[in-house]
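Architecture at a glance
Residue strings, one per chain:
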Amino acid sequence: MSETDDQNEIPGFLYQWDRDQALTQDRCFLCGVDLARGRTDEHVFPQWLLRRCDLWNEKITLLNGTLMPYKQMKIPCCSTCNNEHLSRIEQAVGDAFAEGPEAVAALDATTLFLWMGKIYYGLMFRELSLLADRRDPRGSSIVSPEFLTTFRMHHLLLQAARGAVRWQKDQHPASVFVFQAQEPTDPRHRFDYVDIINYPFLAIRVGATVVVAVLQDWGALAQAVTVPVFEAVRQLVLHPQ
């Protein structure tokens, strides 16, 4: 992995853990810039997905067992990261999902990694601002700042969305698998999501497309291991469940 020379086009960019990983709501979750002069809200699950699967008022289960509507899953973001860097990724991924599994599988691997990586990290960042017990306003948050710092390497990799880091094609940070599924007629049933909090794994189904990813194994599962069930699944059109 190597670094380029820009931080949102600022020469001499060098990632610094304490400076660039935001752990408060007044800084951009991606680049860490102070939002005092302007803040936007980035949807953890993109608006095109909420529209397609009619998820605005559907609810996701948080780590503490409480429920929150998908439309409220927003995180602080600067205008540049939101409307330029992440917008380009969402446009490419949204168009591919509209076409189906083959188009998603043909996406640039970095684009797909950054899209899934933002969702994975964004969920934890959102829970950083939510009380573990709403009855105790002075209590701790669902996710602690200390816990989020254990994902510093993941946050560093997300800087590729801004062009601040890059890696060789044969050193891609993730193993990503794309499968085909049946598509239910009810839009709300066209979506599924699951992740593992202590290990960067997630799976998502949008319409007829299923994506399963290990986000930080540097391609080990995809390149060095044969998973018989994956080989079988590639020949099938999966049941939505």
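What comes next is a walk through the structure. (Residues numbered from 1 in each chain as written. Predicted model: local features only at pLDDT ≥ 70, side-chain atom pairs only at ≥ 80, totals over all residues. Heavy atoms only, no water.)

**Thoughts on the pairing of strand β8 (residues 191-196)**
Successive residues of a regular strand alternate their side chains across the two faces of the sheet. For β8 and strand β9 (residues 201-206), the ladder comprises six bridges, and the chain directions are antiparallel. The partner of F191 across the bridge, within β9, is V206. Hairpin geometry of β8 and β9 is characterised by an intervening segment of four residues between the two adjacent antiparallel strands. (Pairing = 2+ DSSP bridges. Helix = DSSP H or I, 4+ residues; strand = E, 2+ residues; numbered from the N terminus.)

**Some details on the state of the cysteines**
Counting across every chain of the model gives zero disulfides. Distance from the sulfur of C77, which forms no disulfide, to the nearest cysteine sulfur (C28) is 4.0 Å. (Disulfide = S-S within 2.5 Å.)

**Describing the nonpolar core**
Within the largest apolar cluster, 65 residues are counted, with the highest numbers of intra-cluster contacts made by F45, W115, M116, F191, Y193 and I204. By residue number, the principal contributor to this core is helix α5 (residues 109-127), which donates 11 residues. V210, V212, F230 and V233 belong to the second-largest nonpolar core, a separate cluster that totals nine residues. (Core = buried A, V, L, I, M, F, W, Y, C linked by side-chain atoms within 4.5 Å. Buried < 20%, exposed > 50% of the residue type's maximum accessible area, 1.4 Å probe, protein only.)

**So, the pattern of salt bridges**
Summed over the entire model, instances satisfying the criterion amount to 10 salt bridges. A salt bridge links R188 to D186, with the shortest nitrogen-to-oxygen separation between them at 3.0 Å. Here R188 falls in the partly exposed class, since its relative accessible area comes to 39%. Via salt bridges that share partners, E42, E90 and K118 belong to a single interconnected network. (Salt bridge = Lys/Arg side-chain N within 4 Å of Asp/Glu carboxyl O.)

**Details of the pairing of β9**
β9 sits mainly inside the fold: five of its six residues count as buried. Examined bridge by bridge, β9 and strand β10 (residues 209-214) share six bridges and lie antiparallel to one another. Across the sheet, residue V206 finds its bridge partner in β10, namely T209. Counted between consecutive antiparallel strands, the loop separating β9 from β10 contains two residues, among which G207 sits at a positive phi close to 65 degrees.

**Some thoughts on helix α3 (residues 79-99)**
Compared with an ideal rise of 1.5 Å per residue, which puts 21 residues at 30 Å, α3 spans 29 Å between its outermost C-alpha atoms and is within 8% of the ideal. Most pronounced at S87, the bend in α3 amounts to some 45 degrees. Residues of α3 that are buried: C81, N82, H85, L86, I89, E90, V93, G94, A96 and F97. Positive phi shows up at G100, right after α3, with a value of about 125 degrees. (Expected span 1.5 Å × (residues − 1). Bend = angle between axes of the 7 residues up to and from the residue.)

**Quick look at α5**
The end-to-end C-alpha distance of α5, which contains 19 residues, comes to 28 Å, matching closely the 27 Å that a straight helix rising 1.5 Å per residue would cover. Here α5 lies mainly inside the structure; 17 of its 19 residues are buried. Sitting at the amino-terminal end of α5 is D108, which places a side-chain oxygen 3.1 Å from the backbone nitrogen of T110. (Polar contact = N/O pair within 3.5 Å; in protein donor to acceptor, adjacent residues only side chain to side chain.)

**A look at the packing of α3 against α5**
Two numbers describe how α3 lies on α5: the axes approach to 10 Å, and their chain directions differ by 105 degrees. When the axis of α3 is compared with that of α5, the two are roughly perpendicular. Contacts between α3 and α5 involve L86, I89, E90, A92, V93 and F97 from the former and T111, L114, W115 and K118 from the latter. Looking at the contact of α3 with α5 residue by residue, the classes come out as seven nonpolar, one polar and two charged. (Axes fitted to C-alpha atoms, helices over the stretch in contact; angles between N-to-C directions. Parallel < 35°, antiparallel > 145°, perpendicular 65-115°, else oblique. Contact = heavy atoms within 4.5 Å. Nonpolar A, V, L, I, M, F, W, Y, C, P; charged D, E, K, R; others polar.)

**A look at the environment of C78**
The residue C78 is located in the loop between β5 (74-77) and α3 in this model. Remark: the alpha-carbon pair of C78 and L30, spanning 48 residues in sequence, is separated by 8.4 Å.

**Considerations on the side chain of R162**
Looking at the secondary structure, you find R162 in the loop between α7 (152-158) and β6 (165-166). Despite being buried, R162 has no salt bridge partner; D20 is the closest side chain of opposite charge, sitting 6.2 Å away. A polar atom in the side chain of R162 sits 2.3 Å from the side chain of Q159. (Lys, Arg positive; Asp, Glu negative; His and termini not counted.)

**As for the environment of A174**
Topologically, A174 is positioned in the loop between β6 and β7 (175-181). A relative accessible area of 8% places A174 in the buried class. Measuring from C-alpha to C-alpha, the distance between A174 and W218 comes to 5.0 Å, with 44 residues separating the pair along the chain. Excluding its chain neighbours within four sequence positions, the residues that come into contact with A174 are F113, V214, L215, D217, W218 and G219.

What is shown is where atoms sit, not what they do.
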